[in-house]
Amino acid sequence: SDRIDAQQRAVDALQQRAVDALQERALDSLRKKGDTAAVKALQADVEADVEDIVVLIDGVDVDVTEYAREHPGGAAVLRRFHGKDASKAFHAAKHSKAALDRMRALQPEAKARPVSRASKLFTAEDRSQVHKVLGLFCLGHYVVRIHRGIWSADPTGGLRGPNALMWLLPHALLSLSSIKFHVPRERIAKKPMIWQEFRMHNIIFALRSFVCAALASTSLHASTVTRQRAAVGASTAVLASLIAADVATARLREDASETTTGTMPYWAGASPSTIRRFKGFYAYCQWMATLGCLANGNPLWPLCIALPIQLASLLMTLVRKGLLTARGYHLLYTASLCVPFVVGLARGGAPFVALTPAAYALLHTRRRLGRAPQWKYLIWAPVLLGRILAGDHAAFRAFL
């Protein structure tokens, strides 16, 4: 027992050192930018991580310690009111009904009441339950299409023709409807939870997949000109998504040394080699996903590529609500990333196999050149141009 306790303390110490190192990198980055105000705010957030924060709202003590890092306005705002009456400031901010409900949930009486796992899935921010209904529909749609795509005679899983747009629209609405939820601007350093930059990237790349799936489905068995136009459309969608993601990063990223997946938190006790394997696979899948969207052959591919993108948001929400561990997140997310490979191997054949080394070559080139955005566009420019010039080449029709 003593040995297990000692091992756990050692693991906790390692995890805390990793968090401290991440925070220190963020401070260094802000100091280099000369943003003194942001440095002070982040330092206050660091202090808030290790000290209790209790504020008085309408005569009731509210312990916001655990919520501080999720607060959209930052922990520093809450810290200033520690031990003070924050009622006037709280109501002056004109918080939403969801924020009021969250505040009440943090009160001692509410925290003393047992909370069921099911109730954690329902929030005041989605009173109409539209987001959840769309989520359930999309999960079911993924299952049906993928099953049909693998086991039926139709490799598209029935996702063909103009009617496919009707089935893709709910997926787009699901991603867009996530905007109404309040998420922190900064990444939560200890667990994989949604933050604003990650959410915008998810929306952008999910919409890219649905646009490419729509183009592929409507151009199936169409004329050569139509398929050439679809190839141009897919290339344009990919380029637009790359630009939009960079704009979102420039506006929302707090620490220039971070990346959305490269600095994702892992569970306590995860070995460096395990983390390295996860990171490598995640990076490889990003390049493979872009090539899959460019192929513009089987519309089921872009749809499968969107599965892990949309599922990641659900998994991170479960982590935030305490219904899933960090290890569970990474394992389930990795499993979802394997789905497009399964579909590709089952129905893509040789053309799909040819894409796998191509994605690795592009990833390797990017790593050799560095993380500067211009290198990314330099790598993708000839690929996009080549896809447009290839047009309705037989190699892409072979994906079916």
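The preceding data block contains the structure.
For clarity, every value in this text was computed on a predicted model and none was experimentally measured.

1. What to know about the overall build of the protein chain
What the protein chain contains, in helices and strands, is 16 helices and two strands. Looking at the protein chain residue by residue over its 400 residues, the buried ones come to 45%. In the protein chain, the share of contacts with a sequence separation of at least 24, taken over all contacts with a separation of at least 6, comes to 75%. Accessible surface for the protein chain amounts to roughly 20300 Å². Of this, 63% is attributable to carbon and sulfur atoms.

2. A few points about the side chain of glutamate 197
Tracing the backbone through its elements, the reader meets glutamate 197 in helix H9 (residues 196–218). What glutamate 197 contacts, discounting residues up to four positions off in sequence, is Thr249, Leu252, Arg253 and Thr260.

3. Digging into unusual backbone geometry
With a phi angle near 60°, histidine 221 is a residue other than glycine that sits in the positive phi range. Tracing the backbone through its elements, the reader meets histidine 221 in the loop between H9 and helix H10 (224–252).

4. Some details on a nonpolar patch on the surface
A cluster of nonpolar side chains, Phe137, Met166 and Trp167, forms an exposed patch at the surface whose accessible area comes to about 290 Å². You can see phenylalanine 137 is positioned in helix H7 (residues 130–151).

5. Some points on the pairing of strand E2 (residues 60–63)
Examined bridge by bridge, strand E1 (residues 54–57) and E2 share four bridges and lie antiparallel to one another. Within the sheet, the bridge partner assigned to valine 54 lies in E2 and is aspartate 63. Between the antiparallel neighbours E1 and E2 lie two residues, among them aspartate 58 with a positive phi of about 55°.

6. Let's talk about the environment of glycine 269
Note on placement: glycine 269 falls in the loop between H10 and helix H11 (272–295). What makes glycine 269 exposed here is its relative accessible area of 60%.

7. Here we look at the side chain of histidine 201
Position of histidine 201 among the secondary structure elements: in helix H9. A relative accessible area of 11% means that histidine 201 is categorised as buried. Setting aside its immediate chain neighbours within four residues, histidine 201 contacts Ala245, Ala248, Thr249 and Thr260.

8. Observations concerning the packing of helix H14 (residues 350–369) against helix H15 (residues 373–390)
Where H14 meets H15, the closest approach of the two axes is 9 Å, and the angle between their N-to-C directions is 150°. Judged on the interaxial angle alone, H15 and H14 are roughly antiparallel. Regarding H14 and H15, the two cross each other, and that crossing is right-handed. Residues Leu362, Thr365, Arg366 and Leu369 of H14 form the contact with H15, whose own contacting residues are Pro373, Trp375, Lys376, Ile379, Trp380 and Val383. Its residues assigned to classes, the contact of H14 with H15 shows seven nonpolar, one polar and two charged.

9. Section: the environment of phenylalanine 278
Of note, phenylalanine 278 is situated in helix H11. Since its relative accessible area comes to 13%, phenylalanine 278 is described here as buried. Expressed as a C-alpha distance, the spacing of phenylalanine 278 and glycine 262, which sit 16 residues apart in the sequence, is 9.2 Å. The residues touching phenylalanine 278, leaving out its near neighbours within four places in the chain, are Tyr266, Trp267, His330, Leu331 and Thr334.

10. Observations concerning the nonpolar core
Counting 72 residues, the largest nonpolar core has Tyr142, Phe210, Tyr329 and Trp380 as its most contacted members. Residue contributions to this core peak at 14 residues, all from helix H12 (residues 300–320). Dropping the residues within four chain positions of it, phenylalanine 210 is found in contact with Tyr142, Leu168, His171, Ala172, Ser175, Leu303, Ala306 and Gln310. By size, the runner-up hydrophobic cluster in this structure holds ten residues, among which are Val64, Tyr67, Ala68 and Leu78.

11. Looking at the pattern of salt bridges
Once their charged atoms are close, side chains differing in charge can pair, the charge on each being opposite to the other. Inspection of the entire model under this criterion finds three salt bridges. Among the ionic pairs, arginine 253 bridges to glutamate 197, the shortest N-O distance being 2.6 Å. You can see arginine 253 sitting in the loop between H10 and H11 and its partner glutamate 197 sitting in helix H9, a full 56 residues away along the chain. The salt bridge partner of lysine 376 is aspartate 246, with a shortest N-O separation of 2.8 Å. With lysine 376 in helix H15 and aspartate 246 in helix H10, the pair connects residues that are 130 residues apart, well separated along the chain. Residue classification places lysine 376 among the buried residues on the basis of a relative accessible area of 13%. When its relative accessible area of 23% is taken as the criterion, aspartate 246 is described as partly exposed.

Reading the values: the criteria
- Residues numbered from 1 in each chain as written.
- Predicted model: local features only at pLDDT ≥ 70, side-chain atom pairs only at ≥ 80, totals over all residues.
- Heavy atoms only, no water.
- Helix = DSSP H or I, 4+ residues; strand = E, 2+ residues; numbered from the N terminus.
- Buried < 20%, exposed > 50% of the residue type's maximum accessible area, 1.4 Å probe, protein only.
- Contact = heavy atoms within 4.5 Å.
- Areas by Shrake-Rupley, 256 points an atom, 1.4 Å probe, with all protein chains shown as cover.
- Patch = residues over 30% accessible without salt bridge, like charges linked within 9 Å, V, L, I, M, F, W, Y side chains within 5 Å.
- Salt bridge = Lys/Arg side-chain N within 4 Å of Asp/Glu carboxyl O.
- Pairing = 2+ DSSP bridges.
- Axes fitted to C-alpha atoms, helices over the stretch in contact; angles between N-to-C directions.
- Parallel < 35°, antiparallel > 145°, perpendicular 65-115°, else oblique.
- Left-handed = near helix turned anticlockwise from the far one by under 90°.
- Nonpolar A, V, L, I, M, F, W, Y, C, P; charged D, E, K, R; others polar.
- Core = buried A, V, L, I, M, F, W, Y, C linked by side-chain atoms within 4.5 Å.

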